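Structural characterization, general
The chain contents come next:
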There are 2 protein chains.
Amino acid sequence: MDKKLSACANPDCGKQLLAVRDAIEVLGGKWRIPIITVLGYYKTRRFKELQTEITGITAKMLSKELKELEANQLVTRTVQDTRPITVIYEITPYGYSSSKIIRELYDWGVAHREKVMK
Amino acid sequence: MDKKLSACANPDCGKQLLAVRDAIEVLGGKWRIPIITVLGYYKTRRFKELQTEITGITAKMLSKELKELEANQLVTRTVQDTRPITVIYEITPYGYSSSKIIRELYDWGVAHREKVMK
DNA sequence: TTAGTCGGTATACTCTAGGAAACCAGTATA
DNA sequence: TATACTGGTTTCCTAGAGTATACCGACTAA
């Protein structure tokens, strides 16, 4: 999302924001949460299956985001020696842990929509 | 953050993402979480105090983001008839509710840093 | 009268996340 | 031979988020 999320001048407050920045860096952007959500739902998916499921994402973005999620240990990538080759992406237990946050976002989003809409 | 966060093709999964999108729209961007964090910490702050506390933010961005947070009922704005005029921004109970998510992000960010760093 | 505070606006710019479309190698089927 | 599927990569481009800087009116204290 953001390269540098500013800190508060106040040290306590500043430390808090540093950690929040880390979380946003891992989960931020347009496609990470959709990817994690889909993978959390199906547990494993192939590249093309993800692309079909996540409407609107381009191969470029999917490839890029999966790499970063892999680097952050939220998903694993396994090449299967079939013909044609298939690549299995699987959510890790750690990846599941992030869905706790996504669940929070979901609950809050639902409540917010109700509150603001009426 | 993002104007349109895509949905999953799968309906269950898609509904979930719509609500998540709402939450991200309200809390996203570079400055909203810092503002809520600072306001959650101090409860009330004046415009200039916020600008001082949130290092790096410009008056334009602060003004713009406060307006949107006010529109979403996360903060209130009160003009006080002093000389010179002072404007008090205060976090609402509803604004506090969003800090539950921020807390989640914080906890996860701390754990993530520990996991990935070593 | 000049400089300073407050809470902002207005204008013009930069920069980068993301999008569109073409292309790639390897294998298989018609 | 050509077309299609797999899982991508490369290039070019744009919209919009965020930045920099100057400015505003109302007031006051020196």
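Going by the structure above, here's the rest.
Computed from a predicted structure; not experimentally measured. (Residues numbered from 1 in each chain as written. Chains lettered and ligands numbered in written order. Predicted model: local features only at pLDDT ≥ 70, side-chain atom pairs only at ≥ 80, totals over all residues. Heavy atoms only, no water.)

1. A short note on the sheet that holds strand β3 (residues 86-91) of chain B
Residue and element names in this part refer to chain B. Ordered by their spatial adjacency, 3 strands build an open sheet running β1-β3-β2, and the pairing between neighbours is antiparallel. Lying at the two open borders of the sheet, with one neighbouring strand each, are β1 (44-46) and β2 (75-80). Neighbouring strand axes in the sheet, compared pairwise and without regard to direction, differ in orientation by 25 degrees on average. Both β2 and β3 contribute to a ladder of 6 bridges, which runs antiparallel. Across the sheet, residue Val79 finds its bridge partner in β3, namely Val87. (Pairing = 2+ DSSP bridges. Helix = DSSP H or I, 4+ residues; strand = E, 2+ residues; numbered from the N terminus. Axes fitted to C-alpha atoms, helices over the stretch in contact; angles between N-to-C directions.)

2. Observations concerning the protein's contact with DNA strand D
Around DNA strand D there are 21 residues in total, and A:Ser63, A:Arg77, A:Tyr89, B:Lys30 and B:Lys60 lie nearest to it. Within 4 Å of the protein, atoms of DNA strand D come from sugar and phosphate in 76% of cases. Between DNA strand D and the protein, one listed contact pairs a phosphate oxygen with a side-chain N or O atom of A:Lys67 at 2.8 Å. A:Val87 places a main-chain nitrogen or oxygen 3.2 Å from a phosphate oxygen of DNA strand D. Contributions of two or more residues to the surface near DNA strand D are made by α3 (47-53), α4 (59-71) and β3 (86-91) of chain A together with α4 (59-71) of chain B. The dominant element in the surface near DNA strand D, judged by the number of residues it contributes, is α4(A), at 4 residues. When the residues that make up the surface near DNA strand D are grouped by side-chain class, the tally is 8 nonpolar, 3 polar and 10 charged. (Near = heavy atom within 4 Å. Polar contact = N/O pair within 3.5 Å; in protein donor to acceptor, adjacent residues only side chain to side chain. Nonpolar A, V, L, I, M, F, W, Y, C, P; charged D, E, K, R; others polar.)

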